[in-house]
Structures are given as structure tokens and as C-alpha cells.
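# A closer look at the structure
One-letter residues, chain by chain:
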Amino acid sequence: MSEKSSSSGSDEDVDPESGQPVELGGILSKWTNYIHGWQDRWVVLKNNTLSYYKSEDEREYGCRGSLCLSKAVITPHEFDECRFDISVNDSVWYLRAQDPEHRLQWIESIELHKAESGYGSETSLRRHGSMLSLTSAASALSATSTSSFKKGHRLREKLAEMETFRDILCRQVDTLQKYFDSCADAVSKDEFQRDRAVEEDEDDFPTTTRPESEYSHNNNGSKEKLFSPASPKGINGIDFKGEAITFKATTAGILSTLSHCIELMVKREESWQKRLDKELEKRRRAEDAYKSAMHELKKKSHYGGPDYEEGPNSLINEDEFFDAVEAALDRQDKMEEQCQSEKVRIPRLTPVPPGDVYATPGIHRFANKVEEMVQNHMTYSLQDVGGDANWQLVIEEGEMKVYRREVEENGIVLDPLKATHVVKGVTGHEVCHYFWDTAVRMDWETTIENFNVVETLSDNATIVYQTHKRVWPASQRDVLYLSAIRKILATNENDPDTWLVCNFSVDHDKAPPTNRCVRAKINVAMICQTLVSPPEGDKEISRENILCKITYVANVNPGGWAPASVLRAVAKREYPKFLKRFTSYVQEKTAGKPILF
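Figured I'd write up the structure that's included with this text. (Residues numbered from 1 in each chain as written. Predicted model: local features only at pLDDT ≥ 70, side-chain atom pairs only at ≥ 80, totals over all residues. Heavy atoms only, no water.)

## A look at the overall build of the chain
For the chain, the count of helices and strands is 10 helices and 21 strands. Classification of the 597 residues of the chain by burial places 35% in the buried group. Put simply, 60% of the contacts in the chain that link residues at least 6 apart link residues at least 24 apart. (Helix = DSSP H or I, 4+ residues; strand = E, 2+ residues; numbered from the N terminus. Buried < 20%, exposed > 50% of the residue type's maximum accessible area, 1.4 Å probe, protein only. Contact = heavy atoms within 4.5 Å.)

Here it is, written out as C-alpha cells:
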């Protein structure tokens, strides 16, 4: 994966001048849709936004999509070590990195941009000149926390506190009442003793003049009595006992009212608690319904995403997988029928070389491998299906019979298939030629999306790369194989010659495996023999006198996981259709033309 800059979530990922995370760009595989699957895209992470382009060269034409990372949720995949998903509300991007290290690098960079995107982040505050708001926010948080703490007490705890305060207030009132009572008693005694002393003095010394020491001299020379007589507006004017009674009655009324309020609050708390419990139950049900609805909505909105394609951890079960594949194949059949009815075939000038060209193996680096494969097919593929081979007859339609042997390896279905057929009016040379010739491949092969010849090894051997149409939810497949055509001369003059096309998987530098497709492995052979019935009299041999005996064998490793029942059902359905379609095409192409033995 090519990248403009690396990111690991450290301080080096932040621009020292702007204080923002640096830009990151590179190639990631992005899930497009169930038809095209994974596609390589140029992805750019900049200014808290993730954008993607078809390629790095097309950046000047604008991005094809972008996500704001402020509220994005980044989810590394549970099983795929290279994949991670980014979701914002209902929008989900499925991405795959080249390896787990690059995935970690992207996730850390995205998290860094996301962390620095909020207004309250330190970098954002520096950009807005609001560093003081950190202190303000802390003060506000402290005040809010205190208020929330006070409000957070349960009502019963508050009521217990109020009862405690009431008890304390009652004790204080009793103490004050005792003080007031003692003060009132002391004043009464003083007044009584003073009145009594004055009366005794007046009776015993009615004319006696008070001594000079009982007077004080003012500045103006006049005399003033040290102890002035008690005034009726003095102490006698304050009714301490009455005031104490009033205070006690008032506080008693307050306490009585407070007690009444407490009783009402206790009764109402029970009613409120019941209402609260009902509301909480309603809220819980509403939240559960909301979560369920969102889950179903998300499931429907993203149905067809990579989590629903084939694999042991697929979210789609085996029955749904089978139904989806069957529905997709039915749609393809209808489209093909419509195309065939509308298509006017353009005659192709594809001269058929003489058989002697294919009688000898070509000279190339795979020549020994080709000869080995040819000999194996001649030895084993033409053997009878009886005996210990365990071939099971799965389809019989007229002259066509299809056999299968059930083989699994590491949970992957590798069932070999073998079909025998007899086609009238064509020769083995003609059948093998049209099966091998890439110039007419797209005329009869309806499962191929595109193909190209990677290398021509010789006149009778080529290396071909082809991608097959995707049948959702199965992943798209591609195949890289060597295709060779051979004529095997009969060792007995009474036996017919054998024509053979063998296709087997190889590796080539020009067509390496990609994330877009699952690379399948094949070993296929089309083996044909021409049977001629002598014409009557001196008539020349016509196409009415010839039959082609076909043996078709296929060993396919799908290269990925899919339910065994689905693979076997698809093979049982598609192979007979393929043979019928191909042989009908050969009959159509050779009709009215000279016979090529």
C-alpha cells in the first residue's frame, strides 16, 4: 500500500505549526457493492475528513465520497485482520488494508483526527484562542457537580434530615424557654425586694437627708442621684413570660406544619415512585423497541455488505445463502435468454487449423507439465464410472449423464464432476476447437465477466485470465489457467483418434491474486472422440453419419468457503446447462459447413 505519510498516533503525527494531525493518503480496498465487490481506491485523511478517489491520478477531478470523522465509529473486524469499518449514522464504509500493520496505522491516524476534531480539544482551543475556557469549564463543572450531588439525594434521606433538624430545634426551644423562665423569675424577685426596701426606708427615716456620697456632681454644679428610681417603662415594661409563651407557640406551629408537610411528602413519594416506575418501564420498552428497529433497519440498509457474503462467519444462514444464489442465477438466466433473443451473431472468421498442428506438443516452459496432464486425463478420465471410483449419478437427461464424487478438504467442497454426452452432427476436432478458441469464448460462455490472454506459449497452448460474474452472496471468482489442445492418435487403426483440451491452473507474474476476487483453482478436460457410421451405397459421409462422444471432467477448488449444500446444488444445476449450451453452439456453428475430422 502506497502512502504519502505515516501515522502512528504519536506526537510526530501533529503539525508543530498548526497543531493539527498531518495528512495521510494511501491505497485501501473499499467494498463497493455485491456486483463489483472489493475495489482499490485512493483514500485521503485530512482535516478530520476521510475521502476516497478512484485513483491517485484522479484527485484533481474531485472525490467520490467523504465522511466527517467527528461522530464516526471505527470498528476493526473480528475475524479479518486487514479489514476495518467506519460508520457515521446510516453510512458505512468497509475498508481493507494491505496487512494488519497498515490497518493499525490507519485506525490510529483516524482516531487521532477524530480526537482533535472537537471544539473542546486542546488543539481546537488554541485555534480559537480560548484556552481560558478550560479553567471556566472546570469551574462550571465543579459547581454543576456540587449541585447535582445535592439534588441527587433520595427524598427519604432528605426527610430523615428534616426530622433530625426538627429534633434539634425542639431541644433548642426547650433550652430557650428555660432561660426565659429563669430570667422572668429573677426580674420579679428583684422588683419585689426593691419595692420593699424603699418602703422600709420611707417609714423609718421620713425627714432624714441622704448623705452627700449618694449624689454625684455634674459639670454645672448640680447634683444627680446615683440610683434613679425604677421607671414604669423599664424592666417592668417587658413581659418576658408572655414573650416566651408566644415564641413557643410560634415555633410549635412551625414544627407542626413542618411535620404535616413531611407526612404529605412521604405519602406523595409513594405515589410518585409508582409513577416513576411506570415511566421507567415505558422508557425501557421504548428503548428496546428502538434498538430492535434500528438493528433491523441497519440490517436491511446494509444487506449485501461484506458481512453477508460467503464465509464461515457470514451473517446469512445456509438457507438464505441458497435462496439468494438461486435467485441470482435465475436472474442471470432470464437476462441471458433476453440477450440471446435480441443478439444477432456476427460471423467470425476463425479458420480451424488442420489436426496435424495439434498432434505434437509445443515447445515452451510448461511443455512437460502439459504432457503430464494430458497423460493423466487419458489414463483416468476415460475410465468407466463403475468399480471402486464411487461415482454417483446425479443427473440423466437423454444421452447426457452427470456423475459426482463427494470430496471435502478443510471444510471446502472439492467434488470432482464427470459428464458424458453424445452429440450428433459434429466431430471431436470441432468440439475441442470451439472449446479452446478464445476468439469465440464470449459467444457461448455466459458466466464470464471478462477475460484476456496473458501469454501465448505456442500454437496449441495459451495462458488465460478470466473473471466470472458474481453470484451474490458468493464472492467473485477469477481463474488463471493454461489451456492446451491436443490430438492423440489412436494406437489401433479400428479406434478413433482422441481430441483433448485441458485447462489447469498456473501462476503468472502478470496476473497476481487481488483482494477484489477469490482465486479459484481448476483442472478441467474436454475429451472427444468421433464415431462414424458408414453411409448407404456410394454416398459421401455427411453430418448425419457422425457422432461425437464427449467426456467432460472438472476438478474445481473454489478457493473460499461456502455452504457445501449450496455448492453441490449449483454444480448440479449449472453443469448440464453448460454442456447443452455449448454443444448447441457447436452444432449451430458447424451446420452446413464441411466436416472437419
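There's plenty left to go through after this.
## A word on the pairing of strand S6 (residues 83-88)
Summarising burial for S6: 6 of the 6 residues are buried, a large majority. Burial along S6 is two-sided: the residues Arg83, Asp85 and Ser87 and Phe84, Ile86 and Val88 are all buried. Note: strand S5 (residues 73-76) against S6, 4 bridges, orientation antiparallel. Pairing of Pro76 across the sheet is with Phe84, part of S6. (Pairing = 2+ DSSP bridges.)

## A few points about the environment of His36
Tracing the chain through its elements places His36 in the loop between strand S1 (24-31) and strand S2 (38-46). A relative accessible area of 37% places His36 in the partly exposed class. As for His36 and Lys469, which are separated by 433 residues in sequence, their C-alpha atoms are 9.1 Å apart. Apart from the residues within four sequence positions on either side, His36 is in contact with Gln476 and Arg516.

## Section: the environment of Arg365
Here Arg365 is to be found in the loop between helix H6 (318-342) and helix H7 (367-381). A C-alpha to C-alpha distance of 8.2 Å links Arg365 and Leu457, two positions 92 residues apart in sequence. For Arg365, the residues in contact, after removing those within four places along its chain, are Glu455, Leu457, Ile463 and His508. Of the polar contacts made by the side chain of Arg365, one reaches the side chain of Glu455; its length is 2.8 Å. (Polar contact = N/O pair within 3.5 Å; in protein donor to acceptor, adjacent residues only side chain to side chain.)

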